[in-house]
Amino acid sequence: MRLKIIGSAAGGGFPQWNCNYRLSRAARTGMAGVHSRTQSSIAASVDGAGWVLFNASPDIRQQIAQTPELQPAQDAPLRSTPIRAVLLTNADVDHVAGLLSLRERQPFAIYATTQVLATLEANSIFNVLDPALVPRRTLPPAEELAICDADGLNTGVTVESFAVPGKIALYLEERSRPDANFRSDAGDTIGVRIGSAGSRGSVFYIPGCARIDAALRTRLADAACVLFDGTVYTDDEMIAAGVGQKTGARMGHLAMSGDDGSIAGLAELRIGRRVFVHINNTNPVLDENSAEHAAVKAAGWEVARDGMEMEF
Ligand code: MLT
Ligand code: MN
């Protein structure tokens, strides 16, 4: 199985359109060791011809332009795409807005939890994807499932989805309760184990996670690869940077560093490859010359870049 990280930044991307923080500025000026990144999405394929996307980011048009594998094949019909299906790990803007760019009466399948499908259903703009052409399929929890295209043809990619501690989408929060934490453990946010009949070991994709609990630790115990929520390095990073009022925890993302962070939380597990994805534009690891980047590498983690490819 081939896996491509087509977007390694969190919501907003890197640089973010309206951000003048030092990191976005460095990315804009092309500073050495600071690379621009598009918003959160990966793609998987068994045969190299048909691809399954995990999340559809607002940058999907750019991501397709940067990824020849996701473009119509030269000898394909006048309208065609190698994208057979899109699986959504939550209903956040950075994970669903790209669906709107996949209109034009093109068949593919959408997979998501009941909650996420209900959010698409409640927002009529998603009707640009006619359900007769773009079926919406519910992901059964804790069950291995073959991902199929719109016609039911098996892509060869299998997934097992599981709820992780997270949060409902920002735009679903009640404005009347700004101090609530809107925590959710019930499938508003999921992780997925991605596999195929011929693949070696388990690959996990978890771009949003609020806490590492015993269940998650058990699940990831001897994974071949974990692509994990790398939104912030420290919980109060956005506040310290002066760009926002929210902690990582308030946004449903645990920090990389600290006793409760992801580096410490997964340190004891026998994971083959650890890769941070969904990296926010305030995270100092985006600067390859930073002490934080060095610390993450020393702890055995990689910091994803757009276009990173792996095979299992
Ligand atoms: C998140 O990951 O917390 C969201 O993508 C934030 C957002 O909606 O911008
Ligand atoms: Mn996000």
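Each chain has its residues counted from 1, following the order in which its sequence is written. Here chains are named by letter from A upward and ligands by number from 1 upward, in the order in which they appear as written. With the structure being a predicted model, the display of local features is reserved for residues of pLDDT at least 70 and the display and counting of side-chain atom pairs for 80 or more, all residues being used for whole-chain, interface and lining totals. Side-chain measures here rest on the full set of heavy atoms in the structure, leaving out hydrogens and waters.

## A short note on the sheet that holds strand E16 (residues 308–311)
Across a sheet, strands are paired by hydrogen bonds formed along the backbone, either parallel or antiparallel in direction. One open sheet holds the seven strands; their spatial order is E6-E5-E4-E3-E2-E1-E16, and the pairing between them is mixed. Two strands in the sheet have a free side with no partner beyond their single neighbour: strand E6 (136–138) and E16. Ignoring strand direction, the axes of neighbouring strands in this sheet form an average angle of 25°. Any two strands are treated as partners once DSSP identifies two or more bridges connecting them. Numbered from the N terminus, helices here are DSSP runs of H or I no shorter than four residues, and strands are runs of E no shorter than two. As paired strands, strand E1 (residues 2–7) and E16 are joined by four bridges and run antiparallel to one another. Residue lysine 4 lies in a different strand from E16, and its bridge partner there is glutamate 309. Along the sheet, helix H4 (residues 114–122) makes contact with strand E5 (109–112) and E6, crossing E6 at roughly 155°. Angles run from 0 to 180 degrees between N-to-C directions of axes, and those axes are lines fitted to C-alpha atoms, restricted for helices to the stretch in contact. Two residues qualify as a contact provided that any one of their heavy atoms is within 4.5 Å of a heavy atom in the partner residue.

## A few points about the coordination of the manganese ion (ligand 2)
For Na, K and Ca the donor cut-off is 3.2 Å, and for all other metals it is 2.8 Å, counting N, O and S atoms only; because water is absent from this set, sites may look incomplete. Coordination of the manganese ion (ligand 2) by the protein involves Asp94 (OD) and His278 (NE2), with metal-donor separations of 2.1 to 2.2 Å. Residue aspartate 94 is located in helix H3 (residues 93–96), and its partner histidine 278 is located in the loop between strand E14 (273–277) and helix H8 (291–298); the two are separated by 184 residues in the primary sequence. This pair shows no difference in class: aspartate 94 is buried, exactly as histidine 278 is. We call a residue buried when its accessible area falls under 20% of the maximum for its residue type, exposed when it is over 50%, and partly exposed in between, using a 1.4 Å probe and counting protein chains only.

## Examining the pairing of E1
Taken residue by residue, a regular strand's side chains alternate between the two faces of the sheet. Among the six residues of E1, five are classified as buried, and the element is accordingly described as predominantly covered. Here E1 pairs with strand E2 (residues 41–45) via five bridges, running antiparallel. Across the sheet, isoleucine 5 pairs through a bridge with isoleucine 42, a residue of E2.

## Points about the environment of valine 52
Considering the arrangement of structural elements, one finds valine 52 in strand E3 (residues 51–54). Between the alpha carbons of valine 52 and threonine 247 there is a distance of 32 Å; along the sequence they are 195 residues apart. Dropping the residues within four chain positions of it, valine 52 is found in contact with Ile42, Ala43, Ala44, Ala85, Ile147, Thr155 and Val157.

## Regarding unusual backbone geometry
With an omega of 0°, the peptide bond between phenylalanine 14 and proline 15 qualifies as cis. Along the chain, proline 15 falls in the loop between E1 and helix H1 (22–29). Positive phi values are uncommon outside glycine, yet alanine 142 reaches one of about 55°. Relative to the helices and strands, alanine 142 is located in the loop between E6 and strand E7 (144–148). A positive phi angle, near 55°, is found at phenylalanine 182, a position not held by glycine. Within the secondary structure, phenylalanine 182 is located in the loop between strand E9 (166–167) and strand E10 (183–184). A relative accessible area of 8% means that phenylalanine 182 is categorised as buried.

## Structural notes on the sheet that holds strand E15 (residues 301–303)
A sheet is described by the order of its strands in space; here seven strands give the open sequence E7-E8-E11-E12-E13-E14-E15, paired in mixed fashion. Whereas interior strands pair on both sides, the edge strands pair on one side only; in this sheet they are E7 and E15. Neighbouring strand axes in the sheet, compared pairwise and without regard to direction, differ in orientation by 30° on average. Two elements, E14 and E15, share three bridges in a ladder whose sense is parallel. In the strand pairing of E15, phenylalanine 276 is matched with valine 303.

## Examining the site of ligand 1
We define proximity as follows: a residue is near a molecule or strand when any one of its heavy atoms falls within 4 Å of that partner. Surrounding ligand 1, one finds Asp92, Asp94, Met251, His253 and His278. Polar contacts, as used here, are pairs of N or O atoms within 3.5 Å; protein pairs need one atom able to donate a hydrogen and one able to accept it. Residues neighboring in sequence count only if both atoms are side-chain atoms. Between aspartate 92 and ligand 1, the recorded distance is 3.3 Å, taken from a side-chain N or O atom to an oxygen atom. A distance of 2.9 Å separates an oxygen atom of ligand 1 from a polar atom in the side chain of aspartate 94. Taking 270 Å² as the accessible area of ligand 1 by itself, protein coverage stands at 75%. Here the residues of the shell around ligand 1 are counted per class, giving one nonpolar, two polar and two charged. Note on areas: these come from Shrake-Rupley sampling with a 1.4 Å probe, and a residue is covered only by the protein chains present in the view. Under the scheme applied here, ten amino acids are nonpolar (Ala, Val, Leu, Ile, Met, Phe, Trp, Tyr, Cys and Pro), four are charged (Asp, Glu, Lys and Arg), and all others, including Gly, are polar.

## With respect to the UniProt feature "domain: Metallo-beta-lactamase" (unreviewed entry) in the chain
UniProt positions are given in the numbering used here, feature names are shortened, and annotations may be inferred rather than shown by experiment. According to UniProt, the feature "domain: Metallo-beta-lactamase" (unreviewed entry) maps to residues 51–279 in the numbering used here. The span residues 51–279 is 15% helix and 24% strand, and its two end C-alpha atoms sit 23 Å from each other.

## Topic: a nonpolar patch on the surface
Residues enter patches when their relative accessible area tops 30% and they take part in no salt bridge; the joining distance is 9 Å for like charges and 5 Å for the nonpolar side chains Val, Leu, Ile, Met, Phe, Trp and Tyr. For this analysis, a salt bridge means a side-chain nitrogen from Lys or Arg found within 4 Å of a carboxyl oxygen belonging to Asp or Glu. On the surface, a nonpolar cluster with roughly 260 Å² of combined accessible area is contributed by Val93, Tyr171 and Leu172. By the element assignment, leucine 172 lies in the loop between E9 and E10.

## Side note on H1
Every buried residue of H1 is listed here: Leu23, Ser24, Ala26 and Ala27. Looking straight down H1, one finds that the buried residues subtend no more than 160° of arc, so they occupy a single side. In the segment just after H1, glycine 30 is the residue with positive phi, at about 75°. The directions considered for the arc run from the helix axis to the C-beta atoms.

## Some points on the state of the cysteines
Disulfide: a pair of cysteine sulfur atoms within 2.5 Å of each other. A complete count under the given rule lists zero disulfides for this structure. The thiol sulfur of cysteine 209 is not disulfide-bonded, and the nearest other cysteine sulfur, from cysteine 225, lies at 16 Å.

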